[in-house]
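In case you want the letters, here they are:
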Amino acid sequence: MAEDKSKRDSIRMSMKGCQENNGFVDNEDILEQAPDPGSSADNLQHSTTSILASQDFKGIQPYAGMPKEVLFQFSGQARYRVPREILFWLTVASVLVLIASTIAIIALSPKCLDWWQEGPMYQIYLRSFKDSDKDGNGDLKGIQDKLDYITALNVKTVWLTSFYKSSLKDFRYGVEDFREIDPIFGTMNDFENLVAAIHDKGLKLIIDFIPNHTSDKHTWFQLSRTRMGKYSDYYIWHDCTHENGTTIPPNNWLSVYGNSSWHFDEVRNQCYFHQFMKEQPDLNFRNPDVQEEIKEIIRFWLTKGVDGFSFDAVKFLLEAKHLRDEIQVNKTQIPDTVTHYSELYHDFTTTQVGMHDIVRSFRQTMDQFSREPGRYRFMGTEAYAESIDRTVMFYGMSFIQEADFPFNNYLTMLDTLSGNSVYEVITSWMENMPEGKWPNWMIGGPDSSRLTSRLGNEYVNMMNMLLFTLPGTPITYYGEEIGMGNIVATTLNESYDTNTLLSKSPMQWDNSSNAGFSEASHTWIPANSDYHTVNVDVQMTQPRSALKLYQDLSLLHANELLLSRGWFCHLRNDSHYVVYTRELDGIDRIFIVVLNFGESTLLNLQNMISGLPTRVRIRLSTNSTNKGSEVDTSGIFLAKGDGLILEHNTKNLLHRQTAFRDRCFVSNRACYSSVLNILYTSC
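As the structure is a prediction and not an experimental result, all values here were calculated from the model.

Hey, could you run me through the sheet that holds strand β17 (residues 577–583) in this one?
Strand-to-strand pairing in sheets goes through backbone hydrogen bonds, with the strands running parallel or antiparallel. A sheet is described by the order of its strands in space; here 7 strands give the open sequence β21-β20-β23-β18-β17-β16-β24, paired in antiparallel fashion. Looking at which strands have only one partner, the edges of the open sheet turn out to be β21 (630–632) and β24 (664–665). Where strand β16 (residues 567–573) and β17 come together, 6 bridges link them in antiparallel fashion. Bridged to asparagine 573 within β17 is valine 578. Contacting β16, β17 and β24, helix α13 (residues 419–432) crosses the sheet at an angle of about 150° to β16.

What follows is the structure, encoded as structure tokens:
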């Protein structure tokens, strides 16, 4: 015990001469606390501080755990201060460079392509695509069942034709209720499920919308004909003479379907105006209440998750306030015999002053739903039978936007093909389109004859190649990817011109009953008799099928900046062929597209492009056996309907050359940097 006590005393005596190392104090604020007069530790601390302050640290090197008083002695020395300041300013400079680089990239980068620009749209005539409930009519669930197929086409957007509740048997363009799904197509729950499924696949959905008119069974019309409150002026009414079953209309205006566009209503004892069928009265868009009603319907469907609209028949939204007769095309014709729409100039019933203001108001309504990132709402307009220069007016102006694009159906209006006619359609659109706007192209639609029936089977692959190699958004009408044709005219229990129904036959899925469209014993319209050989299942297994080429073209379009962002330069055309290139600054190669619309021909490309090598590679061909091979550019043999996409490495881009400057077009100018792998605008 005595020995242990002696050891402890010895340790205490040794500790008295020690100094506390403040470098290991966890909380240096302890040193700032008020001193305790009775504390020996406090006296020791003050003693230590005074000793450190009085010492000369010359010759002492920094060591781990040094107290802050020692550290401060070294921190002011040049060899420590200068590197510290250099690192500080390097950090500041790096941050500024990063900020400046980010701003420069944002400022110089072109606008990213939006979803409606990135890939093809696929237009579906709903009643004919796929029947899920065995009633012989296509429906919403049927489309949902086939979304994997649509995705396999590399499609980005699904476009549905009208599905609103309607008493009309086919087109569903005389709408009874804009907020209801026609029972023939399903329920609102089916629609909501389809929207969710489409978005889950990474696709977008746009739908038809017909603001110009309603059905005569619509609640608005029933209230209007009884002069009920604000609804009294929801439609265009005017006094007219009606005696002994004969109506004398207010003027000579004609319906699109022929005969007078005025119809006498016995309830209101006035005539109402209809641009189309008498069961489709025109709304009065000079009434602000009508405009607001339509905007509320737009909001309703956008809230449901719809990504955009195709506004149909927009050129008919307004009529002249005066009721002067329209001018006859043939002024010598007896006025009472003028009954066909084409026999009048429709200067007072189409594209009136103020019509574009209404379209812009639709755009502004949709913009309210476009603020969320990635949820831009697309707006397209259909103004068919107009000249191209009037159609492109629906783009709006550089500072006032209307449609993202008016749908371009001018290729579907060609009943015969030649290099000259195709070139005329392409250049007319590109030259009239406002600068910076985005083009689009289609080769079929529900209101035109199928491509194969209009032009011939040999043109299916070549026209799809044209569609995917032109600048802009390609639009495919269902079945065009497999080369479906019109059905043979037959007795149809429908109230429309049969010519407009023949292109609406059921989608040909396989060679089973009803082409795999429906398991019903009877379908609303018969399938084409060629469905045993022209169908999806057969073409999926054929490496040289139209469907396989369509998939290759859509994949090439998705992966190649030359096609999605590049310049279009026309080289040459004649009655047989058209030749053009796709190129982009910063990419040292071009695509040369050669399409032959006429009889077999031998083409010399070296006479068109200087410096072209003797042989170039075929990237894609309408004849799949040529894919990946090389072709002699001094003599390319092309059969009728043949098309080639040739790939050529060159730095001598055509759009930079004076000789081609007037023959090159680009929608959104951009250049590619292979070093940074970015696009920029300062070319």
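Moving on from the model shown.
How do you make sense of the packing of helix α10 (residues 288–303) against helix α11 (residues 355–367) when you look at a structure like this?
Packed helices, taken two at a time, are described by their axes: the angle between them and the distance between them. Orientation of α10 relative to α11, taken along the N-to-C sense of each, is 35°, at an axis distance of 10 Å. Considering only the axes of α10 and α11, their crossing is right-handed. Each of Gln291, Ile294, Lys295, Ile298, Arg299 and Leu302 in α10 lies in contact with α11, whose residues at this interface are Ile358, Ser361, Phe362, Thr365 and Met366.

Looking at this structure, I do not really get the packing of helix α15 (residues 460–469) against helix α17 (residues 546–559). What am I missing?
Relative orientation of the contacting elements α15 and α17 amounts to 10°, with a least axis distance of 10 Å. Between α15 and α17, the angle is such that the two are roughly parallel. Within the contact between the two elements, α15 uses Val460, Asn461, Asn464, Met465 and Phe468 and α17 uses Ala546, Leu549, Tyr550, Leu553, Ser554 and His557. Here the residues of the contact of α15 with α17 are counted per class, giving 7 nonpolar, 4 polar and no charged.

Which parts of the structure should I look at to understand the pairing of strand β18 (residues 589–596)?
Consecutive side chains along a regular strand alternate between the two faces of the sheet. Burial of β18 is extensive: 7 of the 8 residues sit out of reach of the surface. The antiparallel hairpin formed by β17 and β18 contains 5 residues in its connecting segment, where glycine 586 sits at a positive phi of about 100°. Pairing analysis gives 7 bridges linking β18 to strand β23 (residues 643–649), with the strands arranged antiparallel. Across the sheet, the residue bridging to arginine 589 is asparagine 649, located in β23.

Looking at this model, I keep getting lost on the environment of valine 579. Mind explaining?
The topology assignment puts valine 579 in strand β17. Discounting chain neighbours no more than four positions away, the residues touching valine 579 are His570, Leu571, Arg572, Ile592, Val593, Val594, Leu603, Leu605 and Met608.

Would you mind showing me how to read the sheet that holds strand β10 (residues 270–273) here?
Taken together, the 3 strands give an open sheet; going across it, the order is β6-β10-β9, and neighbouring strands pair in antiparallel fashion. Looking at strand neighbours, the two that pair on one side only are β6 (237–238) and β9 (262–265), the edges of this open sheet. In this structure, β6 lies alongside β10, joined through 2 bridges in antiparallel fashion. Among the inter-strand pairings, tryptophan 237 is bridged to a residue of β10, identified as tyrosine 272.

Quick question: what am I supposed to make of the pattern of salt bridges here?
Should the charged atoms of two oppositely charged side chains come close, the side chains can pair. If you walk through the whole model with that rule in mind, you get 25 salt bridges. Where aspartate 265 meets arginine 225, a salt bridge forms, and the shortest distance between an N and an O atom there is 2.5 Å. One end of the pair, aspartate 265, is in strand β9; the other, arginine 225, is in helix α9 (residues 219–225), with 40 residues separating them in the sequence. In this pair, the class of aspartate 265 matches that of arginine 225, namely buried. Counted as one network, the salt bridges with shared partners bring together Glu560, Arg589, Arg617, Arg619 and Glu647.

How each quantity is defined
Residues numbered from 1 in each chain as written. Predicted model: local features only at pLDDT ≥ 70, side-chain atom pairs only at ≥ 80, totals over all residues. Heavy atoms only, no water. Pairing = 2+ DSSP bridges. Helix = DSSP H or I, 4+ residues; strand = E, 2+ residues; numbered from the N terminus. Contact = heavy atoms within 4.5 Å. Axes fitted to C-alpha atoms, helices over the stretch in contact; angles between N-to-C directions. Left-handed = near helix turned anticlockwise from the far one by under 90°. Parallel < 35°, antiparallel > 145°, perpendicular 65-115°, else oblique. Nonpolar A, V, L, I, M, F, W, Y, C, P; charged D, E, K, R; others polar. Buried < 20%, exposed > 50% of the residue type's maximum accessible area, 1.4 Å probe, protein only. Salt bridge = Lys/Arg side-chain N within 4 Å of Asp/Glu carboxyl O.

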